[in-house]
There are 2 protein chains.
Amino acid sequence: MAELKYEIVENLGTLGENARGWSKEVNLISWNEKEPKYDIRDWAPDHSRMGKGVTLTADELAALKDLLAGIDLDSFE
Amino acid sequence: MAELKYEIVENLGTLGENARGWSKEVNLISWNEKEPKYDIRDWAPDHSRMGKGVTLTADELAALKDLLAGIDLDSFE
């Protein structure tokens, strides 16, 4: 099985934790020793396993920041 | 093969497009007719196929909004 190398360069924050104790984190991660990208995904305790997630470039994260800043989240509840 | 039913309740915006023409979107999606959740993932043109992504509750999206609002993105470039 191929090995996926990654390094969590910086943990930017945690968004929440689910019933199994996995936490949804925003990190800056270098995959296979390439330039780090922003990453939002679930992690098991101690980062022993990772769930599915999404990887974003700096431009995409900036677009996400602007998009969320312009949304009234209460209007969806 | 099991069928995954989903409905895009609202498209909140697009963060970017990759070289293959897939776009990274933020949507409010109802999966299997359950209560809709926020969702960040890549989509093929016309939403004909979906890539991996992350699903967030309203609380997690609010936490993400606050987290990004407090980050100076330029400091990571």
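Residues numbered from 1 in each chain as written. Chains lettered and ligands numbered in written order. Predicted model: local features only at pLDDT ≥ 70, side-chain atom pairs only at ≥ 80, totals over all residues. Heavy atoms only, no water.

Naming follows an unreviewed UniProt entry, where chain A appears as Transcriptional coactivator p15 (PC4) C-terminal domain-containing protein of Ruminococcus callidus ATCC 27760.

**Q** Help me out: how do you make sense of the environment of Asp39(A) in this one?
**A** All names here are of chain A. Tracing the backbone through its elements, the reader meets Asp39 in strand E3 (residues 37-43). Between the C-alpha atom of Asp39 and that of Leu12, which follows or precedes it by 27 residues, the distance is 9.7 Å. Those residues in contact with Asp39 that lie beyond four places of it in its chain are Glu25, Val26, Asn27, Ile29, Trp31, Val54 and Thr55. At 3.1 Å, the side chain of Asp39 forms a polar contact with the side chain of Thr55. (Helix = DSSP H or I, 4+ residues; strand = E, 2+ residues; numbered from the N terminus. Contact = heavy atoms within 4.5 Å. Polar contact = N/O pair within 3.5 Å; in protein donor to acceptor, adjacent residues only side chain to side chain.)

**Q** What is the right way to look at the layout of surface pockets in this model?
**A** Any empty space left between the atoms is revealed when a probe the size of a water molecule rolls over them. Here the largest pocket defines a volume of roughly 580 Å³. Together, 19 residues line the largest pocket, and Asp42(A), Arg41(B), Gly53(B), Val54(B) and Thr55(B) are the ones closest to its centre. Counting residues per element, the lining of the largest pocket draws most heavily on strand E4 (residues 50-56) of chain B, at six residues. Taken together, the residues that form the lining of the largest pocket break down as four nonpolar, seven polar and eight charged. Within this model, the second largest pocket holds a volume of roughly 310 Å³. Listing elements by their share of the lining of the second largest pocket, those giving two or more residues are E3 and strand E4 (50-56) of chain A together with E4 of chain B. Here the lining of the second largest pocket is composed, by residue class, of five nonpolar, five polar and seven charged. (1 Å grid on protein atoms, 1.4 Å probe; cavity = no way out; pocket = protein on both sides within 12 Å on 5 of 7 lines; lining within 4 Å. Points joined across faces, edges and corners; volume = space filled by probe spheres on them. Nonpolar A, V, L, I, M, F, W, Y, C, P; charged D, E, K, R; others polar.)

**Q** Just to check I follow, could you spell out the relation of the copies chain A and chain B for this structure?
**A** One copy of the chain maps onto the second through a rotation about an axis and a displacement along it. Each copy superposes on the other: chain A lies on chain B with an RMSD of 0.0 Å after a rotation of 180° and an axial shift of 0.0 Å. Interpreted geometrically, this transformation is the action of a two-fold axis. Proximity to the rotation axis, assessed at the C-alpha, singles out Gly53(A) in chain A; its C-alpha lies 2.4 Å from the axis. A shared interface surface links the copies, since 100% of the contact residues of chain A are contact residues in chain B too. (Least-squares fit on C-alpha atoms with pLDDT ≥ 70 in both.)

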